[in-house]
Amino acid sequence: MTHTTKRIIMNNIVMTLSTISAVIGMGFLFWILGILVINGVDALTWTIFSQEGAPPGYENSGLKHALIGQLLIVGAATVVGVPLGILAGTYLSEYGQKAKLAETIRDISDIMMSAPSIVIGAFVYAVVVAPMGHFSGWAGSIALTIIMLPIILRTTDDMLNLVPSTLREAAFALGAPKYKVIIQVVYRGAKAGILTGILLGVARVAGETAPLLFTSFNDNFLNTDMNEPMASLTVTMYNYATSPYEDWQKLGWAAAFILSMFILTLNILGKLFLLKKKGR
Amino acid sequence: MATIINIKEESVLDVKDFQFTYAGNDAPSVNKTTMPIAKNSITALIGPSGCGKTTLLRCFNRMHDLYPDNRYDGEILFKGRNILQAKEDLINLRIQIGMIFQKPTAFPMSIFDNIAYGMRLQGMKNKTELQDRVEKALKDAAIWKEVKDRLKADANGLSGGQQQRLCIARAIAVEPEVLLFDEPTSALDPISTAGIEELVVELKDRVSIIIVTHNMQQAARVSDYTGFMYLGDLIELGKTEDMFVTPKEKLTEEYITGKFG
C-alpha cells in the first residue's frame, strides 16, 4: 500500500466518524424538538393563556399564572441586569483598560459564568429568602440577575474591545469628551454585539429552574406581587411534569413548548444580529 | 548635529527642546527636538519605520494623553502658549488641531452625521447652518458630487478613498488651524492616493499641514518643507526641493538615495 492510499483511507475513516458523530448530536436535538413539538402543540389551547392553574381534573386550567410570573421575574432581572452588565463591561473596556481591578473583575466574572446555578439559588436563599422569612418573586429575580450579569458584562467588554481604537482616537481628535466618544461612537459600533449579548443572557436565565426553586418557589394561582412566592414556567413545568395527573402533564408539555420556543427565538434573533453585523 | 533651516514664513507651531517618552520606557522615542512648523505650508515628516515620526505627530494634538503615563518634556508653542502644560484644554486644542489617520475612520453613522459630528460637539444645532457647513466641507474635500444623493446612507458603505475624503471633510468642517495627516494614503490605491494628495495641496491656503509619510515621492510631490527623522532624532529639516536634491546631512542623503530604510 502506498503512502497516498493509506492517507486517503485514513482521511475517509476520520471523515466518516466525525460526520456520524455530528449526525448523532443533531439527531438528539431534532428528537427533543420533535417530541416537544408533537406533545406541546397537542397540549396548546387558548385556555392555557386565559386560565390560571387548577386542581387536577378541572377543565379550565391553564398557565396564565406561570406565564405572567415568568415575565415578571425575568423582566425584573433584565431591567436590573442589563444596565449593570453594560456599565460594568464599559468600565472594563473603556476605563479599566489594563488596571488590576479590571483584570480581577474579568477573572471573577468568568468563574461566575460557570458557577452551577443551583449554588446561586442557595446563596440567594441564604441572604434574601431566609431573612425575609418567605419565598418571593424578587428573590427569584435577584438570583437570575446574578446569573445574567457575567454574561452581559463579558459580551459587552468583548464587543467594545472589537471597536478599533482608531475610531475612538478619531472622535477624540475632533474634540469629543470621553463619555461622548463612548456613547456616540463606541456603543454605536458595538450595537449589534451588545444586543446579542443581552438576548443570549436573557435566553440563558429564562430557562433556569434550580435557582427559582429556592427563591420564587411556586404559586398555583395568578399573583403579581413580587413580594410573594410566584409561579414561573420552569418550576410549574417541573411540578406538572412530575405529577401523576394526565391533564397536569399536558400542561407541563405546553409549558415546555412555550419556553423552548421563546428561548429558541431569542437565540435565533441573537445570531441574526451578529450575522447582520458581519455582513457589513 | 541636526541641520534645521530657518523658515521664511511665520511659524504656526514651534517645537522647542522637545522630548517624548512612552509609558514604561526609559529612553525617549523622540529625542531633544527643535523645529518650526511653517504656517499655511505643508511640512512632511519622513524616515524609516520606528523613527518616531508618527509619535511626534501625535504629540501636536496630545493624542498620547489617551493612554496613561506617557511623558512629554520641553515645549510645543502654539499661539504663544505651551500646549504641553497640564492645564491645556485638550478638547479645545483638538478642535484647532485636527487629525487624519492611516486607515479611514468613518463613524458608524450616516455620511451627514459623520461630517456634522464635530460641529454638533461644539453645540451647533441650527439645521440649515449645519446643512450648509456639511455641504461646504464635502465640496472642499471634493466628495460632494459622489455623496450628495445619499447623505443619509451609512458612511461605512463608501470606498476606502471616499471614506478618507469623508474624514478630511469631517476634520475641516470644524475649521481647524492645523491638520495632522498620519500616512493618510498608505491604505489606499494609487488613484485615491492622487486624489488625496491633490486635496492636501489645495487645503494649505486655509490650514497648516503636517504629514507623516512612508513614501518619499509623496513628500516630494506635496510638501514645502521636509523633516527627516532617524531613531528618534530629527536629522534634518529643509525646503523640500533642497532636501531631495542637495541634502546637508549624510544620513539624509543615504536614506533618500535608498541606501537604507
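Residues numbered from 1 in each chain as written. Chains lettered and ligands numbered in written order. Predicted model: local features only at pLDDT ≥ 70, side-chain atom pairs only at ≥ 80, totals over all residues. Heavy atoms only, no water.

Some points on the overall build of chain B
Point 1. When helices and strands are counted, chain B shows ten helices and eleven strands.
Point 2. In terms of C-alpha radius of gyration, chain B reaches 18 Å, essentially the compact-globule figure of 18 Å for 261 residues.
Point 3. Judged by the C-alpha coordinates and their principal axes, chain B covers about 55 × 40 × 35 Å.
Point 4. Relative to its full complement of 261 residues, chain B shows a buried share of 55%.
Point 5. Of all intrachain contacts in chain B linking residues separated by at least 6 positions in sequence, the fraction that spans at least 24 positions is 67%.
Point 6. Split by element, the accessible area of chain B, about 11,500 Å² in all, is 49% carbon and sulfur. (Helix = DSSP H or I, 4+ residues; strand = E, 2+ residues; numbered from the N terminus. Rg over C-alpha atoms; globule rule 2.2 N^0.38 Å. Buried < 20%, exposed > 50% of the residue type's maximum accessible area, 1.4 Å probe, protein only. Contact = heavy atoms within 4.5 Å. Areas by Shrake-Rupley, 256 points an atom, 1.4 Å probe, with all protein chains shown as cover.)

Digging into the domain arrangement of chain A
All names here are of chain A.
Point 1. According to the domain assignment, chain A consists of domain 1 (3-43) and domain 2 (63-279).
Point 2. One C-alpha centre belongs to domain 1, the other to domain 2; they are set 31 Å apart.
Point 3. The interface is formed by eight residues belonging to domain 1 together with six residues belonging to domain 2.
Point 4. Carbon and sulfur atoms supply 84% of the area that domain 1 and domain 2 bury against each other, a total of about 690 Å² over both sides.
Point 5. Looking at the side of domain 1 facing domain 2, the largest losses of area belong to Leu-36, Asn-39 and Ala-43, adding up to 56% of the total buried there.
Point 6. If you look at where domain 1 meets domain 2, you find zero salt bridges.
Point 7. Between the two partners, domain 1 and domain 2, sit zero residue pairs in polar contact (both at pLDDT 80 or more).
Point 8. Residues of the side of domain 1 that touches domain 2, tallied by class, amount to five nonpolar, two polar and one charged. (Domains from an automatic or database assignment. Buried area = accessible area lost by both parts, 1.4 Å probe. Salt bridge = Lys/Arg side-chain N within 4 Å of Asp/Glu carboxyl O. Polar contact = N/O pair within 3.5 Å; in protein donor to acceptor, adjacent residues only side chain to side chain. Nonpolar A, V, L, I, M, F, W, Y, C, P; charged D, E, K, R; others polar.)

Side note on the sheet that holds strand β3 (residues 30-38) of chain B
The strands making up a sheet associate through hydrogen bonds between their backbones, and the pairing can be parallel or antiparallel.
Point 1. Spatially, four strands are ordered β3-β2-β5-β6 (chain B) in an open sheet, and the strand pairing comes out antiparallel. Single-partner strands in this sheet number two, and they are β3 and β6 (81-82) of chain B. (Pairing = 2+ DSSP bridges.)

A word on the confidence of the model for chain B
Point 1. With 99% of its residues at a pLDDT of 70 or more, chain B has an overall mean of 93.
Point 2. Taken together, the chains of this predicted complex give a pTM of 0.85 and an interface ipTM of 0.91. (pLDDT = per-residue confidence, 0-100.)

Regarding unusual backbone geometry
All names here are of chain B.
Point 1. Backbone geometry places Asp-69, a non-glycine residue, at a positive phi of 70°.
Point 2. In this fold, Asp-69 is placed in the loop between α1 (53-57) and β5 (71-78).
Point 3. Its identity as a non-glycine residue notwithstanding, Lys-79 has a phi of 55°, on the positive side.
Point 4. The residue Lys-79 is located in the loop between β5 and β6 in this model.

Considering the nonpolar core
Point 1. If you look at the biggest cluster of nonpolar residues, it comprises 94 residues, and the most contacted ones within it are Leu13(B), Phe18(B), Phe60(B), Ile76(B), Phe107(B) and Tyr117(B).
Point 2. If you tally residues by element for this core, the top one is helix α8 (residues 178-206) of chain A, at eleven residues.
Point 3. In this structure Ile76(B) touches Leu13(B), Asp14(B), Val15(B), Phe18(B), Cys59(B), Phe60(B), Arg81(B), Asn82(B), Ile83(B) and Leu84(B), once residues within four positions along its chain are discounted.
Point 4. In terms of nonpolar packing, the next biggest core, distinct from the first, is built from 47 residues, Val134(B), Leu138(B), Ala169(B) and Val200(B) among them. (Core = buried A, V, L, I, M, F, W, Y, C linked by side-chain atoms within 4.5 Å.)

A look at a nonpolar patch on the surface
All names here are of chain A.
Point 1. A cluster of nonpolar residues, Met-1, Ile-9, Met-10, Ile-13, Val-14 and Leu-17, forms a patch on the protein surface that exposes about 650 Å² of accessible area.
Point 2. Position of Val-14 relative to the elements: it lies in helix α1 (residues 3-43).
Point 3. What makes Val-14 partly exposed here is its relative accessible area of 47%. (Patch = residues over 30% accessible without salt bridge, like charges linked within 9 Å, V, L, I, M, F, W, Y side chains within 5 Å.)

What about the packing of aromatic side chains?
Point 1. Under the definition given, this model contains 13 aromatic pairs over all chains.
Point 2. The interplanar angle of 50° and the centroid separation of 6.2 Å between the aromatic rings of Tyr125(A) and Phe135(A) together place this pair among those described as tilted. In this pair, Tyr125(A) sits in helix α5 (residues 117-132) while Phe135(A) sits in the loop between α5 and α6 (137-162), placing the two residues ten residues apart along the sequence.
Point 3. Three or more aromatic residues joined by ring pairs form one cluster here, namely Tyr125(A), Phe135(A), Phe214(A) and Phe217(A).
Point 4. Taking the ring centre of Phe107(B) as reference, the NZ or CZ of Arg170(B) above it sits at 3.9 Å. (Phe/Tyr/Trp six-rings, centres within 6.5 Å; stacked < 30°, edge-to-face > 60°. Lys NZ or Arg CZ within 6 Å of the ring centre and 35° of its normal.)

Overview of the environment of Pro36(B)
Residues and elements named next belong to chain B.
Point 1. Its location among the elements puts Pro-36 in strand β3.
Point 2. By relative accessible area, which is 14% here, Pro-36 ends up buried.
Point 3. A sequence separation of 216 residues divides Pro-36 from Thr-252, and the C-alpha atoms of the two residues are 19 Å apart.
Point 4. When neighbours within four sequence positions are excluded, Pro-36 is seen to be in contact with Ile-4, Ile-5, Ile-7, Ser-11, Leu-13, Asp-14 and Leu-237.

Let's talk about the sheet that holds strand β8 (residues 178-182) of chain B
All names here are of chain B.
Point 1. Strand order in this open sheet of seven strands is β1-β11-β10-β4-β9-β8-β7, and the pairing throughout is mixed. Since the sheet does not close on itself, it has two edges, and those belong to β1 (3-4) and β7 (97-100), each with one partner.
Point 2. Where β1 and strand β11 (residues 233-239) come together, two bridges link them in parallel fashion. When the bridges of β11 are listed, Ile-4 appears paired with Leu-237.
Point 3. Sitting on the sheet, helix α6 (residues 160-173) touches β7 and β8, and the angle it makes with β7 is about 175°. (Axes fitted to C-alpha atoms, helices over the stretch in contact; angles between N-to-C directions.)

Re the pairing of β7(B)
Residues and elements named next belong to chain B.
Point 1. Residues Ile-97 and Met-99 line one face of β7 and the alternating positions Gly-98 and Ile-100 line the opposite face, and both faces are buried.
Point 2. As defined by bridge partners, β7 adjoins β8 across four bridges and the pair is classed as parallel. By the bridge assignment, Ile-97 is partnered in β8 with Val-178.

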